[in-house]
Amino acid sequence: MTSSIWTLRAKCVRAWGILVLCLFAGLAEAETIERIVAKVNGQIITLTELDAQMLEAIEQMGPEASPDQMGELRRQVLDRMIDNMLVLQVAEDRGLRVPSRFFEEWKKGAMEQMKIDTEDDLVRQVELQGGNMELLRKRFEDGLLLQEVRRMEVDSKVSVSEPEINERYQQNIRDYSEPARVRIREIVVRFDETNELDKGEKIRRILQDVQQGADFAEMARLHSESGSAEAGGDLGFWDEGDLTEPLGSAAFKLSPGEVSEIIRLPSAYYIIRVEEKIEAKTKALDEVRSEVADAVFQEKLETQMERYIRQLRERAIIEIKL
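Notes on the structure follow. (Residues numbered from 1 in each chain as written. Predicted model: local features only at pLDDT ≥ 70, side-chain atom pairs only at ≥ 80, totals over all residues. Heavy atoms only, no water.)

Time to look at the packing of aromatic side chains. In total, this model carries 5 aromatic pairs according to the counting rule given. Residues Phe 103 and Trp 106 carry aromatic rings whose centres are separated by 5.8 Å and whose planes lie at 25° to one another, so their mutual orientation is stacked. One end of the pair, Phe 103, and the other, Trp 106, are both in helix α6 (residues 100-113), 3 residues apart, so they sit about a helical turn from each other. Each member of the pair, Phe 103 as well as Trp 106, carries the same accessibility label: buried. Between Phe 191 and Tyr 269, the ring centres sit 4.7 Å apart and the planes meet at 40°, which makes this aromatic pair tilted. Separated by 78 residues along the polypeptide, Phe 191 in the loop between β4 (181-190) and α10 (196-211) and Tyr 269 in strand β7 (residues 268-278) bring together distant segments of the chain. Exposure remark for Phe 191: the relative accessible area of 8% places this residue in the buried category. For Tyr 269, a relative accessible area of 10% gives the class buried. Each residue in the set Phe 103, Trp 106 and Phe 140 is aromatic and connected to the rest through ring pairs, giving one cluster. (Phe/Tyr/Trp six-rings, centres within 6.5 Å; stacked < 30°, edge-to-face > 60°. Helix = DSSP H or I, 4+ residues; strand = E, 2+ residues; numbered from the N terminus. Buried < 20%, exposed > 50% of the residue type's maximum accessible area, 1.4 Å probe, protein only.)

Below, the structure written as structure tokens:
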């Protein structure tokens, strides 16, 4: 059986960094006498196990969580542990086992990732995290068993049809569209209520020089009162809709090489020049078919997984003792 069921194993074994983080989190062992927080078909979840999973969840969530959020997080973590236990019980009923060489392969890769030379050094690292190699192996094997049951019971029941791909593409076509973009340079002359007329005259002289052939970038370096002056007024690329109005409207009406008229904003005069322009583009379905299909598959997979877990819970005897 092991020759056919471990289709996800190679991917898992290659993802050293992710597995190291997942497996080293929450390695503390349970005490001999331990408070039970849940029973799942007679199998127990202890307070120590829940606390270890909570630590991992808090690290991902951040320490700024409120007491109410912590209470909700605790319930979510326990629910996840119950769901995982139900799936692992399915693996046990089916007689699924993880060949020992898989853990040895992962361990070798983890040592390379962590730059650990000997297995003794790895053991010490695990012990520093409050665990042991036996517990580490169990978490590794449980992860593969969870994935394999999901593949057999959930993934295999999900398919994606061509009409579903087309519908998803049409409903989310903006996700596959690239907006028009423009690269511009600016010359900025700032004013206030005391010098608006003088500054207006200055910007008119600059525009006249540019129209008569003066280099725009050099004029920006000499006269612009903006932080972009040193770069010759270069502001780089902007997506349509991202530029302040009326600069945006002016920029997208111009062709490459064209210079705007004077644009007045509340405290500054602007002249802009379009350097490059990229037209808006929507990717054809053939270009993004696999991406769209994967999105549909993942959505259906989540729904199917929720249904499968709900069915397992309906048939299970679950006692929560929090």
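Moving on, we get to the pairing of strand β2 (residues 43-46). Pairing between strand β1 (residues 36-40) and β2: 4 bridges, direction antiparallel. Its bridge partner being in β2, Ala 38 is matched across the sheet by Ile 45. Here β1 hands over to β2 after 2 residues, with Asn 41 in that stretch at a positive phi of 50°. (Pairing = 2+ DSSP bridges.)

Okay, the side chain of Ser 224 next. Within the secondary structure, Ser 224 is located in the loop between α11 (216-223) and β5 (234-239). Of the polar contacts made by the side chain of Ser 224, one reaches the backbone nitrogen of Val 188; its length is 3.0 Å. Among all residues touching Ser 224, those that are not within four sequence positions of it are Glu 186, Ile 187, Val 188, Met 219 and Ala 229. (Polar contact = N/O pair within 3.5 Å; in protein donor to acceptor, adjacent residues only side chain to side chain. Contact = heavy atoms within 4.5 Å.)

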